[in-house]
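Residues per chain are reported as follows:
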Amino acid sequence: MDKQKLEQYGLEAELLPRHIAMIMDGNGRWAKKRLMPRTFGHKKGVERVREIVKTSSLFGIQAITLYAFSTENWKRPAEEVNVLMSLLAQYLQSEIDDLDRNGVRFRMIGDRSGLSTQLQQLIENAERQTENNTGLILTVAINYGGQAEIEQAAVAMAKDAAEGKCVPSAEEFKKRLYTNGLPPVDYLIRTSGELRISNFLLYQAAYAELYFTEVYWPDFDESQYAQALRAYTARNRRYGGV
Ligand code: FPP
């Protein structure tokens, strides 16, 4: 944690969210505004990912989960899907040593069986290389859908119960979610002015505070992030109490 950085933005460490989920939206519109192809926006988006990950570590955040590719994103033109997949692969190749040095623990959530074997391999390597790190937990959601996650957990628990491997319970169910071991989502940030959850962490974000900003993801820089965090620290969470 970098106390100076927190001070610079007027943030108090004890009031910050533990787990922040981010829907990184608006890359395409950001590029279009500049008369550039949508994929140019995704490339800029990766630069923001780097900055947000670094800043999260400096702010002493425990976990961030980034929505990189939803199960619905396969409907996009093949060229865009390919660029997104190769940006993810490149990110893992070029960043993992740096993340590791900074104590970041990487994990992926989503249906990995739908990804290329190369990407699956890179994900596994990144997870293995960083599994003992104790700093920021960086989770990237790829081929992820919240309803599908809940459904597969229910099916897996039912199957294990039928085979006598477990007695169904809320705990057994949670263990089978992709996010097993992560704290609940405290804060859900979505960029680009869209006011939706879009099937992201439906179970985990049940009590999350929501933050929507008009800013497109490629413009969501450190100071925008700090602004979002200041908004969070000003809220009063009641979890259904008074
Ligand atoms: C939404 O913008 C963004 C995505 C679907 C992809 C997000 C991916 C990245 C930022 C890059 C890869 C991520 C990592 C973790 C390295 P959009 O295309 O829906 O924008 P639009 O709504 O303006 O069309």
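Rules and cut-offs
- Residues numbered from 1 in each chain as written.
- Predicted model: local features only at pLDDT ≥ 70, side-chain atom pairs only at ≥ 80, totals over all residues.
- Heavy atoms only, no water.
- Helix = DSSP H or I, 4+ residues; strand = E, 2+ residues; numbered from the N terminus.
- Rg over C-alpha atoms; globule rule 2.2 N^0.38 Å.
- Phe/Tyr/Trp six-rings, centres within 6.5 Å; stacked < 30°, edge-to-face > 60°.
- Buried < 20%, exposed > 50% of the residue type's maximum accessible area, 1.4 Å probe, protein only.
- Near = heavy atom within 4 Å.
- Polar contact = N/O pair within 3.5 Å; in protein donor to acceptor, adjacent residues only side chain to side chain.
- Areas by Shrake-Rupley, 256 points an atom, 1.4 Å probe, with all protein chains shown as cover.
- Nonpolar A, V, L, I, M, F, W, Y, C, P; charged D, E, K, R; others polar.
- Pairing = 2+ DSSP bridges.
- Salt bridge = Lys/Arg side-chain N within 4 Å of Asp/Glu carboxyl O.
- Patch = residues over 30% accessible without salt bridge, like charges linked within 9 Å, V, L, I, M, F, W, Y side chains within 5 Å.
- Axes fitted to C-alpha atoms, helices over the stretch in contact; angles between N-to-C directions.
- Contact = heavy atoms within 4.5 Å.

### Describing the overall build of the chain
When helices and strands are counted, the chain shows eight helices and six strands. In the chain, the succession of α and β elements from N to C terminus is α-β-α-α-β-α-β-α-β-α-α-β-β-α. The C-alpha radius of gyration computed for the chain amounts to 18 Å, which stays within 12% of the reference 18 Å derived for 242 residues, consistent with globular compactness. Expressed as lengths along the three principal axes of its C-alpha atoms, the size of the chain is roughly 55 × 50 × 35 Å.

### Notes on the packing of aromatic side chains
Per the stated rule, a full pass over the model turns up 14 aromatic pairs. Between phenylalanine 220 and tyrosine 225 the ring centres are 6.2 Å apart and the planes differ by 55°, which places this aromatic pair in the tilted class. There is no split in this pair, since phenylalanine 220 and tyrosine 225 are both buried. In textbook terms, an aromatic cluster arises when at least three aromatic residues are bridged by ring pairs, as seen for Tyr9, Phe59, Trp217, Phe220 and Tyr225.

### Notes on the site of the ligand
Close contacts around the ligand come from 18 residues, with Met24, Asp25, Arg29, Arg38 and Arg76 the closest. Contact distances for the ligand include 3.2 Å between an oxygen atom and a backbone N or O atom of asparagine 27. Within the side chain of arginine 38, one N or O atom sits 2.8 Å away from an oxygen atom of the ligand. For the ligand, the accessible surface in isolation is 630 Å², of which the surrounding protein chains cover 92%. Residue contributions to the shell around the ligand peak at five residues, all from helix 3 (residues 38-59). Per-class residue counts for the shell around the ligand are eight nonpolar, six polar and four charged.

### Brief notes about unusual backbone geometry
We note that serine 198 has phi near 50°; this positive angle belongs to a residue other than glycine. Here the phi dihedral of leucine 201 falls at roughly 45°; this positive angle occurs in a residue that is not glycine. Among the structural elements, leucine 201 can be located in the loop between strand 5 (187-190) and strand 6 (209-212).

### Section: the pairing of strand 2 (residues 63-70)
Taking burial as the measure, the eight residues of strand 2 include eight buried ones, the bulk of the element. In this sheet, strand 2 lies alongside strand 1 (residues 19-23) in parallel orientation, the contact comprising five bridges. Bridge assignment links alanine 21 to a residue of strand 2, and that residue is threonine 65. Bridge analysis of strand 2 against strand 4 (residues 137-144) gives seven bridges, and the strand direction is parallel. When the sheet's bridge partners are listed, threonine 65 is paired in strand 4 with threonine 139.

### Topic: the pattern of salt bridges
Following the criterion strictly, the structure yields 20 salt bridges and no others. Taking the shortest distance from any N to any O, the salt bridge between glutamate 51 and arginine 48 comes out at 2.4 Å. Placement of the pair is glutamate 51 and arginine 48 together in helix 3, with a separation of three residues, close to one helical turn. Taking the relative accessible area as the measure of exposure, glutamate 51 reaches 24% and is therefore partly exposed. Residues arginine 50 and glutamate 95 are paired through a salt bridge, measuring 2.6 Å at the closest nitrogen-oxygen approach. Of the two residues, arginine 50 is situated in helix 3 and glutamate 95 in helix 4 (residues 78-101); the sequence distance between them amounts to 45 residues. Assessed through its relative accessible area of 35%, arginine 50 is described here as partly exposed.

### Thoughts on a nonpolar patch on the surface
On the surface, a nonpolar cluster with roughly 270 Å² of combined accessible area is contributed by Leu195, Leu210 and Phe212. Take leucine 210: it is sitting in strand 6.

### Topic: the sheet that holds strand 5
Paired through their backbone hydrogen bonds, the strands of a sheet run either parallel or antiparallel. With parallel pairing, the six strands of this open sheet are ordered in space as 3-4-2-1-5-6. At either end of the open sheet lies a strand with only one pairing partner, and these are strand 3 (105-109) and strand 6. Neighbour-to-neighbour, the strand axes of the sheet open up by a mean angle of 20°, direction not taken into account. Of the strands in this sheet, strand 1, strand 2 and strand 4 are in contact with helix 3, which crosses strand 2 at around 160°.

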